[in-house]
Amino acid sequence: MTALMLFMVLLVVSSACIDKDSKQKTLENTTQEYYAETYRPQFHFTPEEKWMNDPNGMVYNKGVYHLFYQYYPDSIVWGPMHWGHATSEDLVHWNHKPIALYPDKLGYIFSGSAVLDKDNTSGFGTDENPPLVAIYTYHDMDGEKAGRTDYQTQGIAYSLDNGDTWTKYADNPVIGNTDIKDFRDPKVMWHEDSQAWIMSLVAGDYAQFYSSQDLKTWKLTGEFGKDVGAHGGVWECPDLFKLEVEDSEEEKWVLFISINPGGPNGGSSTQYFIGDFDGKTFTTDQVAHKWLDWGTDNYAGVTYSNEPNGDRIFIGWMSNWLYGQETPTEKWRSAMTVPRKLSLRKVGNGYDLINYPVSNIEKIIKKEEKKNVTVVAGEKETVSSDHLMQSDLRFTTQSKDFRIKFRNSLGEEVVLSMLEEEKEFLLDRTNSGKSDFQEDFASVQKMPIPSLPEETYEVRILMDHSSIEVFINEGQYVMTAQLFPNEFYTDVVLENTSERGIVFKDFEIGEVQRIW
Ligand code: FRU
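Residues numbered from 1 in each chain as written. Predicted model: local features only at pLDDT ≥ 70, side-chain atom pairs only at ≥ 80, totals over all residues. Heavy atoms only, no water.

Let's shift gears to the pairing of strand E27 (residues 413-419). Counting buried residues along E27, seven of its seven residues qualify, which places the element largely inside the surrounding structure. Of the two faces of E27, both are covered, the one formed by Glu413, Val415, Ser417 and Leu419 as well as the one formed by Val414, Leu416 and Met418. Examined bridge by bridge, strand E26 (residues 402-407) and E27 share six bridges and lie antiparallel to one another. Note on E27: the bridge partner recorded for Lys405 is Val415. Summarising the sheet, E27 and strand E28 (residues 424-428) pair through five bridges and their orientation is antiparallel. Paired with Val415 across the strands is Asp428, a residue of E28. The turn linking E27 back onto E28 is made up of four residues, and Lys423 within it adopts a positive phi angle of 50 degrees. (Buried < 20%, exposed > 50% of the residue type's maximum accessible area, 1.4 Å probe, protein only. Helix = DSSP H or I, 4+ residues; strand = E, 2+ residues; numbered from the N terminus. Pairing = 2+ DSSP bridges.)

Shown next, in the form of structure tokens:
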């Protein structure tokens, strides 16, 4: 073959590829709008560009929900950490703000929290204008490189203009390191009973608690977890708060601990403990390991401070350290979960943590007419939808034996299976689309479902362009996973795997409007 012929062949082959690609239904090919790159989530928070991980500094103040986040503005992989910043008035629509905290000579700015110091205990503000105070970890890269073990310390910064600009405290760090390599992610709350600020912090694979009157001077008061809970990896991002038990006056303390690796389906995951807090330390008689979300992609999540309605609102990072830096996006990387409201539900002799999308999301969902879809034993029904990639699919059913497939014309599918006998729910993304960017991504994820009600219960599925969030029995069993289909999913296949007929009652695929 001559060079010219080879060139012609290559030209034909490559234009055929381009032609095929341009016909594919992806975001990029269907709209020219802002935030329309392929895989760009349309109703989840993502930074405009570059790398993001954990949500940080989640605090409400003067009508604004602040969302800070681990951010590296120069690349789409992890690097020197900053705090990116966004605000929202409704937890649905977000405004991008300038970077809030930059690395300095003490190190990168790792994860942490923010509080409204309403009595100006820190003295950073005035009684009339109390400060927002951010409490975060400094990571000294030089220390790490030099092989030292004391390179993580805790620092603080304050803002007097509701988060627009921040001043770092001149006497940072406020907690120095005592030779614990992983010593990070301070989450601070005001504790009414002991009239003190309480900080939860992780140290290797256990938690520590500190107390303070002014957010500057901290005293270690207790520790938790050396021999409780899952210890497959480093403990990260603690969060301690009180939560009401549904339909009762009872309140319990909850402690979140993210762990990496060692999650139930591989890599990163968030475990929780239910117990008590006496102002000094957390205790529990819980033996079982409990997970907030059994999917692979909900990590480092924590809750809002100073929430105006007294709700406990959670946001997690919708990724996993196993492959988070390799997912197939180019302009930005990763998204946050939808904000979820937390509660506790009494189940048998214990409690389950419930997490369910905040009700504000309803206002961006264009409802469809509900219908009952009946599927006879062993058969299937297919429902097609042109807005599946931005959808809120719901139904109720009594059945515990069925399969749901989200499928596209390339034959790619994500498969959800409810297994009655095994009392298990599976999320299979082995053939869901792009998955070869990392070997662990194409997985079948399992979630035990020990106690679904006998009667009808709800299944709700939020799908955005690169994620799926499954809420079973109103947030009792939850799975969150990233997906990268090569084309939009357009069909929902409802398969009856049982020996009785199934009614998928009040079935609807609501269309979720874009928030950008
Ligand atoms: C969790 C985490 C934190 C740390 C941050 C660094 O994902 O590892 O423990 O502060 O990310 O970006």
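So that's the structure; there's more coming.
What follows is about the pairing of strand E29 (residues 444-448). Of the two faces of E29, the one lined by Gln445 and Met447 is fully buried and the one lined by Val444, Lys446 and Pro448 carries no buried residue. Where E28 and E29 come together, five bridges link them in antiparallel fashion. For Leu426, the partnering residue across the bridge sits in E29 and is Lys446.

Before going further, it helps to examine the domain arrangement of the protein. For the protein, the assigned domains read domain 1 (50-357) and domain 2 (367-512). If you average the C-alpha positions of domain 1 and of domain 2, the two centres end up 31 Å apart. The interface of domain 1 with domain 2 comprises 27 residues on the first partner and 29 residues on the second. At the boundary of domain 1 and domain 2, one finds two salt bridges. Across the pair Asp297 and Arg429 runs a salt bridge whose closest N-O atoms are separated by 3.0 Å. Connecting domain 1 to domain 2 are 22 residue pairs in polar contact (both at pLDDT 80 or more). Of all the secondary-structure elements, those providing two or more residues to the side of domain 1 that touches domain 2 are strand E20 (340-347) and strand E21 (350-357). The biggest single contributor to the side of domain 1 that touches domain 2 is E21, with six residues. (Domains from an automatic or database assignment. Contact = heavy atoms within 4.5 Å. Salt bridge = Lys/Arg side-chain N within 4 Å of Asp/Glu carboxyl O. Polar contact = N/O pair within 3.5 Å; in protein donor to acceptor, adjacent residues only side chain to side chain.)

Here we take up the sheet that holds strand E6 (residues 132-139). The pairing of strands in a sheet comes from backbone hydrogen bonds and takes either a parallel or an antiparallel form. Ordered by their spatial adjacency, four strands build an open sheet running E5-E6-E7-E8, and the pairing between neighbours is antiparallel. Strand pairing shows two members of the sheet lacking a second neighbour, strand E5 (108-116) and strand E8 (167-168), which therefore form its edges. Sheet topology note: the E5/E6 ladder contains seven bridges and is antiparallel. Each bridged residue has a counterpart across the sheet, and for Leu116 the counterpart in E6 is Leu132.

Around the ligand, the structure places Asn53, Asp54, Gln70, Trp78, Met81, Phe110, Ser111, Arg184, Asp185, Glu236, Tyr299 and Trp321. The side chain of Arg184 places a nitrogen or oxygen atom 2.7 Å from an oxygen atom of the ligand. At 2.9 Å from an oxygen atom of the ligand is found a side-chain nitrogen or oxygen belonging to Glu236. Coverage of the ligand by the protein amounts to 95% of the 320 Å² it exposes when considered alone. Looking at the shell around the ligand residue by residue, the class counts come to five nonpolar, three polar and four charged. (Near = heavy atom within 4 Å. Areas by Shrake-Rupley, 256 points an atom, 1.4 Å probe, with all protein chains shown as cover. Nonpolar A, V, L, I, M, F, W, Y, C, P; charged D, E, K, R; others polar.)

Any pair of aromatic rings gets described here by the distance separating the centres and the angle formed by the planes. Going through the model one piece at a time under the given rule, you end up with 38 aromatic pairs. Ring centres of Tyr35 and Trp516 lie 4.3 Å apart, and the angle between their planes is 35 degrees; this geometry places the pair in the tilted category. Here the residue Tyr35 occupies a position in the loop between helix H2 (27-30) and strand E1 (50-61), and Trp516 occupies one in the segment after strand E34 (502-512), the gap between them amounting to 481 residues. For Tyr35, a relative accessible area of 2% gives the class buried. (Phe/Tyr/Trp six-rings, centres within 6.5 Å; stacked < 30°, edge-to-face > 60°.)

Turning our attention to unusual backbone geometry. Looking along the chain, the bond that leaves Asn172 and enters Pro173 is cis, with omega of 0 degrees. By the element assignment, Pro173 lies in the loop between E8 and strand E9 (183-191). Of the consecutive residues Asn260 and Pro261, the connecting peptide bond is found in the cis state with omega at -5 degrees. Along the polypeptide, Pro261 turns up in the loop between strand E14 (251-260) and strand E15 (269-277). Although it is not a glycine, Asp185 adopts a positive phi angle of roughly 70 degrees.

Note on placement: Tyr477 falls in strand E32 (residues 477-482). Take Tyr477: its relative accessible area is 4%, and that puts it in the buried class. Along the chain, Tyr477 and Leu353 lie 124 residues apart, while their C-alpha atoms are 9.0 Å from each other. For Tyr477, the side chain forms a polar contact with the side chain of Gln476, separated by 3.3 Å.

On to the nonpolar core. Counting 57 residues, the largest nonpolar core has Phe406, Ile468 and Ile472 as its most contacted members. Residue assignment places this core across two domains, with domain 1 (50-357) and domain 2 (367-512) each supplying three or more. Look past the residues within four positions of Phe406 in its chain and what remains in contact with it is Leu388, Leu393, Glu412, Glu413, Val414, Leu416, Ile461, Met463, Ile468, Tyr489, Asp491 and Val492. One finds Ala86, Tyr304, Leu462 and Ile515 within the second-largest nonpolar core, a separate group that totals 42 residues. (Core = buried A, V, L, I, M, F, W, Y, C linked by side-chain atoms within 4.5 Å.)

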